[in-house]
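Close look at the chain arrangement
The primary structure of each chain is shown beneath.
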Amino acid sequence: MWNKAIEDAVDKIRTNINRFGTRFPHVSEDGAYLMNDNDDWTNGFWSGMLWLCYEYTGDEEFRLAASRTVEDFRRRFEKKTVLDHHDIGFLYSLSSKAQWIVDKDESGRQLTLQAADHLLKRWRPEGGYIQAWGPEGDEKEGGRIIIDCLMNLPLLFWAGQQTGDPEYYQIAAMQADKSRRYLVRGDDSSYHTFFFDPKTGEPIGGATHQGYTNGSTWTRGQAWGVYGFALAYRYTQNPVYLETSKRMARYFLERLPEDYVAYWDFNAPVTDGTSRDSSASAIVAAGLQELIGHMDKDDQERTYFEQGVMKSMTSLVQNYSTISENTEGLLKHGSYHVRGGLSPDDYMIWGDYFYLEALIRLENGGRGYWYER
Ligand code: GLY
């Protein structure tokens, strides 16, 4: 089944290369991707999908298309187009870092190191955190951290490995610690974001941006935590991060509906019209495979997590994928921003990316581009 799903995805992505041209897919409306000019947080996922396809097929067409996107990311970096946020890791891990990992392209490595330095500038020493959004000193955003940022820390860890400069690791680990302390709650659920006093670092409180309420657990935020803490463990071998990833994974899996694909928020009332977020389940399916790879062979929970991957992926392929349909997207029923009134309930490019990464992990043990192999 995995093989058939991958082949179908590869065919669609091949068609999309011409269809998308130099532009980047974001989320869809009426079955077609809304495109942009590499100026959003989502643009790395298209690049990452092209690299995954190249590695899977060996087909030069994918390598050329992926390399073209990296040039676009170089231009974006030079012009600093919409880079005043923490999502630098999503953008440059899956584009220029992927190029380095796959092709050993030194210019890709250099660009990625520059991107890591740019992310480092978001560290606020007085507060002791990486600021999620907005410029330094921003009245509203200056004190906010966000759970999604855990997926951007691998860029810093990687730069630390590459350069030997301990600062990257120190800052990434401090951000992971702060996220664990303030974003993950005692019952293993999570806040989407948390505010601090930017001058003193005093904690103020949790708040949501895309979730149902301030105290609810936004499903995709929980998913970023599952995968992000597993990656923090890979880089640091700090067992606390592995435990946190497990706790968050348990919380996620225990609250899934019958078809094993998450609703958009674990606290949203479920009615006939409640949206799923297939992208959250795809992220967790890839993240769980990372997590399982770090667990002892005799860990009692391995089977539970392995079953979690199988059940989620089987349902995604059978009930949510676009296999055998003539579509641009791979995975239906993602939710971007239900709270903000943006719920196209359709394709999201990151859902497509993590679905493909999870499938390839299952099929041949391939990985994404979060770390060197
Ligand atoms: N990182 C933004 C989102 O997950 O929607």
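These numbers come from a predicted model, not from an experiment.

This next bit is on the sheet that holds strand E7 (residues 203–207). A sheet is described by the order of its strands in space; here three strands give the open sequence E5-E6-E7, paired in antiparallel fashion. Of all the strands in the sheet, the pair left with one neighbour each is strand E5 (144–146) and E7. Going from strand to strand, the sheet's axes swing by 25 degrees on average, the running direction of each strand aside. Bridge count for strand E6 (residues 193–196) against E7 is four bridges, and the pairing is antiparallel. The residue of E7 that forms the bridge with phenylalanine 196 is proline 203.

Taken together, the residues surrounding the ligand are Trp41, Asp148, Gln210, Trp218, Arg220, Trp224 and Tyr336. Here an oxygen atom of the ligand and a side-chain polar atom of arginine 220 are 2.5 Å apart. Here an oxygen atom of the ligand sits 3.1 Å away from a polar atom, N or O, in the side chain of tryptophan 224. Protein burial of the ligand: of its 200 Å² of free accessible surface, 94% is covered by the chains. In terms of residue class, the shell around the ligand is built from four nonpolar, one polar and two charged.

We now examine the packing of helix H8 (residues 166–182) against helix H10 (residues 239–254). It is at 11 Å that the axes of H8 and H10 come closest, and there the two elements cross at 40 degrees. Between H8 and H10, the crossing angle belongs to the class labelled oblique. Note that H8 runs across H10; the crossing there is left-handed. Each of Ala173, Ala176, Asp177 and Arg180 in H8 lies in contact with H10, whose residues at this interface are Val240, Tyr241, Thr244 and Arg247. Split into classes, the residues belonging to the contact of H8 with H10 amount to four nonpolar, one polar and three charged.

Residues annotated by UniProt as "active site" (unreviewed entry) correspond here to Asp87 and Asp148. The greatest C-alpha distance among the annotated residues, which extend across 62 residues, is 8.2 Å, indicating that they converge on a single site. Setting aside chain neighbours within four positions, we find aspartate 87 in contact with Trp41 and Asn152. Among the secondary structure elements, aspartate 148 is positioned in the loop between E5 and helix H7 (153–163). Residues contacting aspartate 148, with those up to four places away along its chain left out, are His86, Phe90, His192, Trp218 and Trp224.

Here the focus is the pairing of E6. Across the two faces of E6 the burial is the same, with Thr193 and Phe195 and Phe194 and Phe196 all buried. In this sheet, E6 lies alongside E5 in antiparallel orientation, the contact comprising three bridges. Within E6, the residue paired with isoleucine 145 across the bridge is phenylalanine 194. Hairpin connection from E6 to E7: six residues lie between these consecutive antiparallel strands, with glycine 201 at a positive phi of about 80 degrees.

Rules behind the numbers
- The numbering scheme is per chain: residues are counted from 1 as the chain's sequence reads.
- Since the coordinates come from a predicted model, pLDDT governs what is reported: local features require at least 70, and pairs of side-chain atoms require 80 or more to be given and counted, while whole-chain, interface and lining totals use all residues.
- Computation of side-chain values covers all heavy atoms of the structure but excludes hydrogens and water.
- Two strands form a pair only when DSSP identifies at least two bridges running between them.
- Put simply, DSSP H or I for four residues or longer makes a helix, DSSP E for two residues or longer makes a strand, and each gets a number counted from the N terminus.
- Axes here refer to lines fitted to C-alpha atoms; in helices the fit is confined to the stretch in contact. Angles between the N-to-C directions go from 0 to 180 degrees.
- Proximity is defined per residue: if any heavy atom of the residue lies within 4 Å of a molecule or strand, that residue is considered near it.
- Whenever two N or O atoms come within 3.5 Å, that pair is a polar contact, provided that in protein one can donate a hydrogen and the other can accept it, and provided that, for residues adjacent in sequence, both atoms are side-chain atoms.
- Note on areas: Shrake-Rupley with a 1.4 Å probe; residue coverage comes only from the protein chains shown.
- Throughout, the ten residues Ala, Val, Leu, Ile, Met, Phe, Trp, Tyr, Cys and Pro are labelled nonpolar, Asp, Glu, Lys and Arg are labelled charged, and all others, Gly among them, are labelled polar.
- Any angle from 65 to 115 degrees is called roughly perpendicular, while one under 35 is roughly parallel, one over 145 is roughly antiparallel, and all others are oblique.
- Crossing handedness follows the turn of the near helix against the far one: under a right angle anticlockwise gives a left-handed crossing, and clockwise gives a right-handed one.
- A contact between two residues is defined here by any heavy atoms of the two lying within 4.5 Å.
- UniProt positions are given in the numbering used here, feature names are shortened, and annotations may be inferred rather than shown by experiment.
- Categorising residues by exposure relies on relative accessible area from a 1.4 Å probe, with only protein chains included: less than 20% of the type maximum marks a residue as buried, more than 50% marks it as exposed, and the intermediate range marks it as partly exposed.

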